[in-house]
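One letter stands for each residue in the lines below.
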Amino acid sequence: MDAASVKRCIREAILKRGFNGACGVASFSDVYNDLMPVQRKEVARICGNSLSVLLSRGSVISIAVFHTENAIKSINVTRDGRVDYEKWNFYADEYNLLNSVLNDVCAQLASVLDGVPLRATSELGKKVRSVEEYYPFAKISHRVVAEHAGIGARGRNELIVTKQNGSAVRLNSFITPRKLDRDKKGKDLCDDCRACLDSCRILLKKEQLPNYRQQCMQKINGLNLRYSVCGICLKACYENGSWRKISEQKADFIMQK
Ligand code: SF4
Ligand code: SF4
């Protein structure tokens, strides 16, 4: 199976489950070398004796499924002056559903391609007490994989910003010993935009805080939604981020060339 067939298979599997998405291929060694040491150790443990083969020619496939506009619109909505948490749970439920879709698609891929299906990051907020505990639990950074596989680039909200749906995207990864054609790294779509920073005081002060992720995790847990999510900075990006304009400009530029 070549990269084009793998991608066709993934896109069909996502569409069949009622969502839109994207996928890309990265070199295993590029991803591995970019992981935090604690995650590199976890990935080495998962790969076992196959690690040296993977480092010499293996690939990692990034799978992305996009949130729907209806779910994004349900985030942090007020009614009669109060936050409507039940409405917000519509986004939380979709987050959980997208994780299941990603895990199903990865399992389906494992039935046609040799390799290791990973799991979408979910529900860790309730299982771990600190972000330090989170990193090994999460096994791999799906964001690092997505950057290398051209799905998008890291935005100011630290999420992956895609040209199709901003940062309203969930990710999963599949490790394979096959040497598939690689995609180019994703391009920055933030430019001078600050929409996400203006939506969240924690994010705005991330450079000054010792570990802003810890505060983010506490805020998420404090919301007490059905799943461990917030989504405010994701919504700000989807609705007001520069990614839409910059992607259109890049597309125009390519067409004019
Ligand atoms: S998820 Fe929520 S708390 Fe965390 S950075 Fe985004 S807006 Fe802030
Ligand atoms: S809101 Fe703007 S700055 Fe923030 S991630 Fe999205 S495009 Fe980048």
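The structure this text deals with has already been given above.
These figures come from a predicted structure and were not determined experimentally.

Analysis parameters
- Residues numbered from 1 in each chain as written.
- Chains lettered and ligands numbered in written order.
- Predicted model: local features only at pLDDT ≥ 70, side-chain atom pairs only at ≥ 80, totals over all residues.
- Near = placed C-beta within 6 Å.
- Helix = DSSP H or I, 4+ residues; strand = E, 2+ residues; numbered from the N terminus.
- Nonpolar A, V, L, I, M, F, W, Y, C, P; charged D, E, K, R; others polar.
- Pairing = 2+ DSSP bridges.
- Contact = placed C-beta atoms within 7 Å.
- Axes fitted to C-alpha atoms, helices over the stretch in contact; angles between N-to-C directions.
- Core = buried A, V, L, I, M, F, W, Y, C linked by C-beta atoms within 7 Å.
- Buried ≥ 20, exposed ≤ 12 C-beta atoms within 10 Å, placed from the backbone.
- Parallel < 35°, antiparallel > 145°, perpendicular 65-115°, else oblique.
- Left-handed = near helix turned anticlockwise from the far one by under 90°.

(A) A look at the site of ligand 2. Residues in close proximity to ligand 2 total 17 residues, the closest being Gly155, Cys193, Cys196, Cys237 and Gly241. Counting residues per element, the ones that place at least two in the shell around ligand 2 are α9 (195–199) and α12 (232–240). Looking at the shell around ligand 2 residue by residue, the classes come out as nine nonpolar, six polar and two charged.

(B) Molecular detail of the sheet that holds strand β5 (residues 116–117). Ordered by their spatial adjacency, four strands build an open sheet running β1-β2-β8-β5, and the pairing between neighbours is antiparallel. Sheet topology places β1 (21–27) and β5 at the edges, where each strand pairs with a single neighbour. Summarising the sheet, β1 and strand β2 (residues 59–66) pair through seven bridges and their orientation is antiparallel. Note on β2: the bridge partner recorded for valine 25 is isoleucine 61. The strands touched by helix α1 (residues 3–16) are β1 and β2; relative to β1, the strand with the most contacts, the crossing angle is about 150°. Along the sheet, helix α6 (residues 85–112) makes contact with β2, β5 and β8 (169–176), crossing β8 at roughly 20°.

(C) Seen up close, the nonpolar core. Of all hydrophobic cores here, the largest spans 65 residues; its most connected members are Ile63, Ala64, Tyr91, Val105 and Cys237. With 11 residues, the single largest contributor to this core is α6. Ignoring sequence-local partners within four residues, the contact set of valine 105 consists of Ile10, Ala13, Ile14 and Ile63.

(D) Region of the structure containing unusual backbone geometry. A positive phi angle, close to 50°, is found at asparagine 76, a residue other than glycine. In this fold, asparagine 76 is placed in the loop between α5 (69–73) and β3 (78–79). The exposure class assigned to asparagine 76 is partly exposed, which follows from the 17 C-beta atoms found within 10 Å. The phi angle at asparagine 224 is positive, at roughly 60°, despite the residue not being glycine. Structurally, asparagine 224 can be placed in the loop between α11 (212–223) and α12.

(E) Structural context of the packing of α1 against α6. Close contact between α1 and α6 brings their axes to 10 Å; oriented N to C, the two are set at 140°. When the axis of α1 is compared with that of α6, the two are oblique. Pair α1 / α6 crosses with right-handed handedness. Contact residues: α1 offers Cys9, Ile10, Ala13 and Ile14, while α6 offers Val101, Val105, Gln108, Leu109 and Val112. For the contact of α1 with α6, the residue count by class is eight nonpolar, one polar and no charged.

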